[in-house]
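Structural characterization, general
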Amino acid sequence: MLIPSPVLSAEASETLPRFTPGSVLTDWGIDPIPFVVTVWAVGLYVLGVVALHRRGDRWPVGRTLAFVGLGMGSFFVATSSGLGRYDTTLLSVHMVQHMILSMVVPLALALGAPVTLALRTLPAAPRRWLLAVLHSPVAKVLAFPPLAFVLYVASPWALYFSPWYDASLDSAFVHQMMHVHLVLVGTLFFWPLMGVDPLPGRVGYPFRVLLTIMTLPFHAFLGVTIMGQTTLIGGEHYLALREGPMGAWLPPALEDQHLAGGILWASGDLIGVLFFAVLFTQWVRQSIKEASREDRRLDLAERRGAGRA
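Presented here is an overview of the structure given in this document. (Residues numbered from 1 in each chain as written. Predicted model: local features only at pLDDT ≥ 70, side-chain atom pairs only at ≥ 80, totals over all residues. Heavy atoms only, no water.)

1. Things to note about helix α2 (residues 32-54)
Since the α-helix advances by 3.6 residues per turn, residues separated by three or four positions end up pointing in the same direction. Helix length check: α2, at 23 residues, gives a terminal C-alpha distance of 33 Å against a target of 33 Å (1.5 Å per residue), a fit within 8%. Turning to α2, its buried residues are P34, T38, Y45, G48, V49 and L52. For α2, the secondary structure elements touched by its buried residues are α3 (61-80), α6 (114-121) and α11 (172-194). Count one or two residues on from α2 and you reach G56, which has phi positive near 90 degrees. (Helix = DSSP H or I, 4+ residues; strand = E, 2+ residues; numbered from the N terminus. Expected span 1.5 Å × (residues − 1). Buried < 20%, exposed > 50% of the residue type's maximum accessible area, 1.4 Å probe, protein only. Contact = heavy atoms within 4.5 Å.)

See below:
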């Protein structure tokens, strides 16, 4: 049964049963902001696909599955399943959620090509507005790969080593906006690198591979740093939870924090392999298309030369 997510202060926090892997699928709650974002994003995307089919145009099924299923589906699961219910109770659970929101969701949304879908289905005036936004100086600055890279790698450091994370534990609004922020920052970085939309900031595949490789040490270093910390992240909140009824099953806070760092380190490397696979596939496909175009150009030039002869 879906129930509202608990208030986030440790004193008023809802008493939850022992967390198990099955809790991810059996314990659900609703965070209003992520839920509304999910409904609107999926609804608008599906409307665009339906509009294309009604006029006889095709839209790749893989893109729909990537955006609706893997992208927004992962976003909803990360914020509303047991991951969302326990993300303020166990830092290790939050870290799984963090990696889904900052890496898996942005990649899937990018592969869904929603901007291309919008450009093909919007009326003339909204299409002009969208193109104006895409070509605006602000969009070009935000999509500038080095800037997007800095924002992407600096964001988790700022989250865990500043008052920001403590604020997310004390305020439901800040907590939900943190989820949206993780997706937006990941999108700014990965969309120009792996997406198929006509966005500013597109660079060649060698540079895309380089930027992706450069993210891996930052995740690993952050994970190792969290594992080696003796100071608790969100310590006041997590220690207060262990003084209440959930203290009977909660692991030691520092032990859970070390586990969270290990999750960040290992999952960053694993998801990085997925990124490389996507980039490599896209690179090969582009090379095949370019070779095919060059073959056609040479064939045409040869036929014209034979005709003149």
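2. Some words on the pattern of salt bridges
What the rule picks out here adds up to two salt bridges. Linking D27 and R85 is a salt bridge whose minimum nitrogen-to-oxygen distance equals 3.0 Å. In this pair, D27 sits in the loop between α1 (23-26) and β2 (29-30) while R85 sits in helix α4 (residues 82-86), placing the two residues 58 residues apart along the sequence. Neither D27 nor R85 differs from the other in exposure class; each is buried. We note a salt bridge from R55 to D57, for which the minimum N-O separation is 2.6 Å. Since its relative accessible area comes to 47%, R55 is described here as partly exposed. Given the relative accessible area of 27%, D57 is considered partly exposed. (Salt bridge = Lys/Arg side-chain N within 4 Å of Asp/Glu carboxyl O.)

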